[in-house]
Amino acid sequence: MTPERLEAKRDLLISVLDTLIPADEEFPESGALALDHVLAIAGASAEAGSLLARALEAIEAAAAGGEARGFAGSSVTQREELLRRVERSHPAAFEALVRHTYDGFYSHPATIARLGLEPGPVQPRGHRIEPAALPDLARVAARGPIFRRA
Amino acid sequence: MATDGRIDVLVIGAGASGAAVAWRLAGAGIGVVCLEQGDWVDARAYPHWRADWELHRHTDWSAEPNVRRLPQDYPVNDQASVISPLMYNAVGGSTIHWSAHFPRFRPSDFRVKSLDGVADDWPIDYAMLEPYFDLNDRTMGVAGITGDPAYPPKSPRQTPPIPLDTLGLTIAGGFERLGWHWWPSDSAILTRDYDGRRACVNCGPCDLGCPIGAKASTDITYWPKALAAGARLVTRARVREITLGPDGRADGVIYYDREGRERAQKARAVVLAANGIGTPRLLLNSRSARFPDGLANRSGLVGRNLMFHPYAMARGVFERPLGGHRGPIGCSIISQEFYETDLSRGFVRGYSFQVARGLSPIASANGGSVGDRVPWGREHRRAYGERFDRTITVAIIGEDLPEPDNRVDLDPALTDGHGIPAPRVSYRLSENSRRMLDHGIARAREVLHAAGAREVAANPLLRAGGWHLMGTARMGRDPATSVVDAEGRCHDVPNLYIVDGSVMVTSAGVNPTSTIQAVALHVADGMIRRRS
Ligand SMILES: Cc1cc2nc3c(=O)[nH]c(=O)nc-3n(C[C@H](O)[C@H](O)[C@H](O)COP(=O)(O)OP(=O)(O)OC[C@H]3O[C@@H](n4cnc5c(N)ncnc54)[C@H](O)[C@@H]3O)c2cc1C
Ligand code: SF4
């Protein structure tokens, strides 16, 4: 499956991503944030693209065999059960799907901000560490040499 | 084939050891040319300047050459190894990627046979290396604090220690409660401006390089000084083999230049600094009628006794945020409570604990070095929230004893981009190492719980942990049981020197680079002395 065909299954992909990382009250962003990253990876690497495509095809096939409403129309429990079946039947493809979803989701500026970090490059800003006194090293030092002289 | 005029000394590899040796020799007025297969890394090219910096850790900025697959990399067949070798090929070598945790070997590490009846003693010792440790510290710039009872007294550190921050203070509390040794790590990272370099701004991912030069990679420490002293550095120059003159001495190398042209460089002496895998590879690729099994390999030991330091990881989860994204990723606290041999523990020799900082957002999801991915689905949010910024990872660095069957040889089929045979690595974990790591995991659980962790997960052996490449051209007095002598000279080829991690006789239970560089400076001084 080419990236274009993956793109054509966009709706399915979005509901899969949202099932992998569902939104909740505290964290309204969901897995669909990873969509652009997952599509970009599929376009950049033939190997990743074919693994992702295999995962999606397996999900699609499993959904077609079950509920008439398809994946998106199923309940969360049904979707999770279906994904667990695909995880068992296509472990490598599913692993790639989860990895790239997590990569995309946890590098997205909206997620980073929600985690309480400042989105964007870590340079040049760096991070401020509040100055604090070193703990007293006297107890450790008082043990005297703990190395063997040779 | 184009042949460059004869020079005094040719250094192969511009990493930790090659840079140090080139600087020392050039400073003594010796004509030095270094050939390096990689390029200079442009400070603007580091991923830290991009919002998606963390994504690069597993792609173009991976420490694994087999993942990165850049033109300057060579592949390594590691299928027969439980640990994958990591390295970087550039001016600065693997110090581009290193975490700059900078402990020295201890005096007993050079007397392993005499003290514990295993492996071999080194033909040099701590006292001989001490002036070189100090010289190297001054050139690299070390943050730390003197007074650690685990070492003989050290010279003043160049800058104060890296701040422990909430994470470091939390785990220090655990060590204090148990009454165990711990100390703020010596780190080759500046906490104040020093020697024209800037202080660290605590951005975090030093393992992807340091774009501001606070971390001591040798492209910004030794190399500017070496070039100013007259050394010449040729980049994108990949050495294929070392050539021999009719007298059986090394007379230069054949290499591929930036345009892929084959060239010869003649030299009066050759210094190998291509690391614990690149060096045996090159020697084994340099066969001749005189050395049918590889250059300087009459002992049959070239490539053998590969040591990595097997790493186990223990990760505690705490109730409160620890600020682990702040500060240099690999540098906080070291503990050497279980360093020296105590046979009642069930193994010989010992290990250190190296406490790392916290996991970044993607690493938190994928389990970091423990590898236990946060589950997907409705459980995901809760599980991720419990983990993110609430973990401390304790690395157990076990001393790896030399074993002949752990080795580097040449792969019969695999080659690099120039068609040069690639290395193949075979490595098994010994029983002694297994027991040592198990002991370390149990003690790491104790200290994490003592620090307040509510749960601890462990990885019994980190596969992607081959940071330290040692032992594959060991040093010794006897030509039958070693490749180089006490001054880094090959027993079989007296004007061929080795200065990288290959010469390590044993691995100790700490990160090796401070010691690798001290040995390189010691070898350089021997060359200077002999010349005068
Ligand atoms: C991710 C990472 C983290 C690390 N963290 C630490 C740490 O915290 N503390 C520590 O002490 N150590 C650490 N290390 C290890 C440290 O980087 C190495 O011990 C050190 O760099 C080894 O020095 P070297 O001179 O032996 O080899 P290198 O620094 O690897 O240099 C070898 C050079 O030789 C060049 N070369 C090889 N073959 C050829 C050829 N045929 N022709 C031309 N050039 C060639 C390579 O391109 C390379 O630049 C880490 C390493 C990595 C990868
Ligand atoms: S944490 Fe400090 S040493 Fe590490 S990359 Fe950032 S600025 Fe450089």
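Each chain has its residues counted from 1, running along the sequence as written. Chains and ligands are labelled by the order in which they are written, letters from A for the one and numbers from 1 for the other. Two thresholds apply to this predicted model, a pLDDT of at least 70 for residue-level local features and 80 or more for giving and counting side-chain atom pairs, whereas whole-chain, interface and lining totals are computed over all residues. Computation of side-chain values covers all heavy atoms of the structure but excludes hydrogens and water.

Visitor: If you had to explain the interface of chain A and chain B to someone new, which residues and values would you point to?
Guide: Any two residues having at least one pair of non-hydrogen atoms within 4.5 Å are treated as being in contact. Each partner contributes to the interface: chain A provides 52 residues, whereas chain B provides 60 residues. Using a 1.4 Å probe, buried area is obtained as the accessible area two parts lose upon being combined, added over both of them. For the chain A and chain B pair, buried surface summed over both sides reaches about 4,800 Å², with 64% attributable to carbon and sulfur atoms. Salt bridge criterion: a side-chain nitrogen from Lys or Arg within 4 Å of a carboxyl oxygen from Asp or Glu. The interface formed by chain A and chain B includes six salt bridges. One salt bridge connects E176(B) with R139(A), and the closest N-O pair in it is separated by 2.9 Å. In protein, a polar contact means a hydrogen-donor-capable atom and an acceptor-capable atom, both N or O and within 3.5 Å, with residues adjacent in sequence counting only if both atoms are side-chain atoms; elsewhere, any N or O pair within 3.5 Å suffices. Where chain A touches chain B, the interface holds 25 residue pairs in polar contact (both at pLDDT 80 or more). Every helix listed is a DSSP run of H or I at least four residues long, and every strand listed is a run of E at least two residues long, numbered separately from the N terminus. At the level of elements, α2 (10-20), α6 (76-89), α7 (91-105) and α9 (138-142) of chain A are the ones that each hand at least two residues to the side of chain A that touches chain B.

Visitor: Got a sec to walk through the site of ligand 2? Specific residues and values, please.
Guide: If even one non-hydrogen atom of a residue comes within 4 Å of a molecule or strand, that residue is called near it. Every one of the 13 residues lining ligand 2 counts as a neighbour, but C200(B), C203(B), G204(B), C206(B) and C210(B) are closest to it. What surrounds ligand 2 is not a single chain but chains A and B.

Visitor: Describe the environment of R290(B), listing the residues and the values that go with them.
Guide: All names here are of chain B. Structurally, R290 is set in the loop between α7 (275-285) and β9 (311-317). Residue classification places R290 among the partly exposed positions, given a relative accessible area of 42%. Along the sequence, R290 and L244 sit 46 residues apart, while their C-alpha atoms lie 9.1 Å from each other. R290 has contacts with L244, P246, D247, G248 and R298, leaving out every residue within four places of it along the chain. Looking at R290, its side chain comes within polar contact range of the main-chain oxygen of P246, at 3.0 Å. Each residue is placed in one exposure class: buried if its accessible area under a 1.4 Å probe, protein chains only, is under 20% of its type's maximum, exposed if it is over 50%, and partly exposed if it falls in between.

Visitor: Describe the nonpolar core, listing the residues and the values that go with them.
Guide: Residues enter a nonpolar core if they are buried and are Ala, Val, Leu, Ile, Met, Phe, Trp, Tyr or Cys, with the set joined through side-chain atoms within 4.5 Å. In this structure, I171(B), W223(B), I242(B) and L496(B) are the most contacted members of the largest nonpolar core, which totals 140 residues. At eight residues, helix α11 (residues 513-531) of chain B tops the list of elements feeding residues into this core. For W223(B), the contacting residues outside a window of four places in its chain are A14(B), G18(B), A19(B), A22(B), C34(B), W40(B), V91(B), T218(B), A231(B) and L233(B). Within the second largest apolar cluster, 45 residues are counted, among which are L35(A), L51(A), I59(A) and L55(B).

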